[in-house]
Amino acid sequence: MMAQLASRQSFRPGRDLLWPICYWAPVAFIFAWAVWQRFKLPLNPIADPDTWGYLSPALRKLTGAEFGHSQSRNFLYPGFLYLVLRCFGDFRAIGVVQHLLGLAAGGLFLLTWRRVRAFVSDSLVNPSLHDAFGLAGAAIYLLASDTIRTETQLRPEGVCAFLISINLYFAVQFISCSFLEHRRTGAIVCGSATVLTSLLLASAKPSFWFAAIVVMVPVTAFFFRQNWWRQKIALGLAIAVTAALVLWPERILSRKDAESQTFLPTMLFVIHADLIRDQMAEDLKENAHLPYSREWLERVYAVLNSEIGKSQTNYPGHYPSLKFNPEYLWFDPSSITTQLRREFGSNVSALCDFYRFYYWRTWQRRPFRALQKVARQFSIYYYPNCPAYAPMKIWPLMDVYERAVTSLDSEDYRKIARSLPALTDFMQRTKSLAENAPATKQQGLLRHVLADLAVSYLSLLLLALILSAIIFWKQARWRRLRWLAAFVLFGSAYNAASCLEVAIVNSLEVHRYITVQLYATLLTQFLAFWLILEFALDITRRRHTIARDLVAPL
């Protein structure tokens, strides 16, 4: 009799079958809507002035020349473009593949969210409500206009969301296998996949190298655990092989690209041009002992000061946090970098040494101002609203394709197009879309949700970090939430590391450095909300228990 009763209580046909239907039906609807939102748009990928650096290696290989570096771009995304064009012979296939990878990132959001629940023992949040939160997060990511717009670009940002999603998924799996479930084979496989995806992400988009270091923290912690010596050796060998497979080809190919040597030093010089100018003025005033002659340095200072003024006059409003336009200093044919290249001639290493010398000297002599610059960049991302969420209403595709036509209007493209019909078709479709491409509109409800997420991001994150500190401070009471708090800290560090890297070497006013972080930002914010909810429910339950215990004797 008791067995029959237990069986009836454990099997509740209506309730047990209703929730899977209520969950999977919206999942199917959201993904179908996301597919429609993507494939109703023109599939022609959108070019920009940077496209040549990513596309030219593939174009050269397709026309019988050698695959190699161009404009200091890593080989991974150009290699991806080559494989897609080689297989399908149509530029629209690039848009299709990148959209499919974006949809896969949405699916990995759901898988990661459901996987993290295993780390919270005795969660007070109903499983159905937890799944609904994850579904809402995936829907926001999949349907946001910025997500779809990024996938249409002919640059590595189009695949970064997928790389981020699979990187974070394997990181969660590795932590689970290593520290929660103690599955040795799974730890090796997921640890190797975590390292591989970290390297792929950072190589495809170098602004994620600091984030890759954050991901390596749990991998490093694995080597400090007791025993598991065979697994440590196996994972160490896998990491070495993985690093060689990703980094060694890049090192070989970059040797034939002169810009690979000058790209980063030049960027550091122009981004910190105002600080470097002021440091030069101080060195000249104090007659400092430097490896450069005073007469030459006076001339460089005068030119740099003049060019910064021209950038402010010619491009007012560009880079307001820097108060000058570094792109003018870098790319204008008559600006400071052009003149310095002319002076140093073929001695590229000496030019790079000069750029590095004054970059590091500025940090040494003016650390407070350099840190102020970094703090201003951080404020762009964190205060008052997080710009990763773009509640844009209209996306005018005609304007985008008009700029793409301008980017493709060069002799380099026309020369290759003569022997590559696929490129000719791509350029012709771009011109046609510049005249008749539709404008897309983001739904009002989604715009309001994105605006609310942007406004609440910093406050939710700070509250979650405070609660995380309480949880680790009083582990005995909050032991069940320590893993969730750790994941909030992990996600926060992942975003902060990406922002820190950009803040140091470039500017977060370059919007692509922000939009590419949408996936990790959204996942972290939802984890923070979950932690706050668990904390609040736990306190409420304890108060009810205390009240009941006080009333019971009466």
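Residues numbered from 1 in each chain as written. Predicted model: local features only at pLDDT ≥ 70, side-chain atom pairs only at ≥ 80, totals over all residues. Heavy atoms only, no water.

**Comments concerning the overall build of the protein**
Consideration 1: Broken down by element type, the protein carries 25 helices and two strands.
Consideration 2: C-alpha extents for the protein along the principal axes are approximately 95 × 60 × 50 Å.
Consideration 3: Considering only contacts in the protein between residues 6 or more positions apart, those separated by 24 or more positions represent 78%.
Consideration 4: Carbon and sulfur atoms provide 63% of the accessible area of the protein, an area that totals close to 26400 Å². (Helix = DSSP H or I, 4+ residues; strand = E, 2+ residues; numbered from the N terminus. Contact = heavy atoms within 4.5 Å. Areas by Shrake-Rupley, 256 points an atom, 1.4 Å probe, with all protein chains shown as cover.)

**Quick look at the pattern of salt bridges**
Consideration 1: Tallied over the entire structure, the rule returns 31 salt bridges.
Consideration 2: Close ionic contact of Glu-151 with Arg-38 constitutes a salt bridge, the shortest N to O distance being 2.9 Å. Of this pair, Glu-151 sits in helix α7 (residues 145-151) while Arg-38 sits in helix α2 (residues 13-39), and the two are 113 residues apart along the sequence. Exposure class is identical for Glu-151 and Arg-38. Each is buried.
Consideration 3: Measuring nitrogen to oxygen at the nearest pair gives 3.2 Å for the salt bridge that ties Arg-294 to Glu-298. Linking Arg-294 with Glu-298, this pair stays in helix α14 (residues 294-314), spanning four residues, or about one helical turn.
Consideration 4: For Arg-294, a relative accessible area of 35% translates into the label partly exposed.
Consideration 5: Owing to a relative accessible area of 34%, Glu-298 belongs among the partly exposed residues under this scheme.
Consideration 6: What emerges from the salt-bridge pattern is a single network uniting Asp-48, Asp-50, Arg-73, Arg-155, Glu-157, Lys-205 and Arg-512. (Salt bridge = Lys/Arg side-chain N within 4 Å of Asp/Glu carboxyl O. Buried < 20%, exposed > 50% of the residue type's maximum accessible area, 1.4 Å probe, protein only.)

**Points about helix α16 (residues 336-344)**
Consideration 1: Inspection of α16 places Ile-336, Thr-337, Thr-338, Leu-340 and Phe-344 among the buried residues, and these make up the whole buried set.
Consideration 2: Among the structural elements, α12 (259-271), α14, α15 (326-331) and α17 (348-365) are those in contact with the buried residues of α16.
Consideration 3: Phi turns positive one or two residues past the end of α16, at Gly-345, with a value near 60 degrees.

**Structural notes on the packing of helix α13 (residues 273-286) against α14**
Consideration 1: Between α13 and α14, whose axes approach to 10 Å, the crossing angle comes to 145 degrees. As α13 runs across α14, the sense of the crossing is left-handed. Touching Ala-273, Asp-274, Ile-276, Arg-277, Met-280, Ala-281 and Leu-284 of α13 are Arg-294, Leu-297, Glu-298, Val-300, Tyr-301, Leu-304, Asn-305 and Ile-308, all from α14.
Consideration 2: For the contact of α13 with α14, the residue count by class is ten nonpolar, one polar and four charged. (Axes fitted to C-alpha atoms, helices over the stretch in contact; angles between N-to-C directions. Left-handed = near helix turned anticlockwise from the far one by under 90°. Nonpolar A, V, L, I, M, F, W, Y, C, P; charged D, E, K, R; others polar.)

**Regarding the state of the cysteines**
Consideration 1: Under the counting rule described, the total for this entry stands at zero disulfides.
Consideration 2: Just so you know, Cys-177 is unpaired, no disulfide at all, and the nearest cysteine sulfur is the one on Cys-190, 4.3 Å from it.
Consideration 3: Residue classification places Cys-177 among the buried positions, given a relative accessible area of 1%. (Disulfide = S-S within 2.5 Å.)

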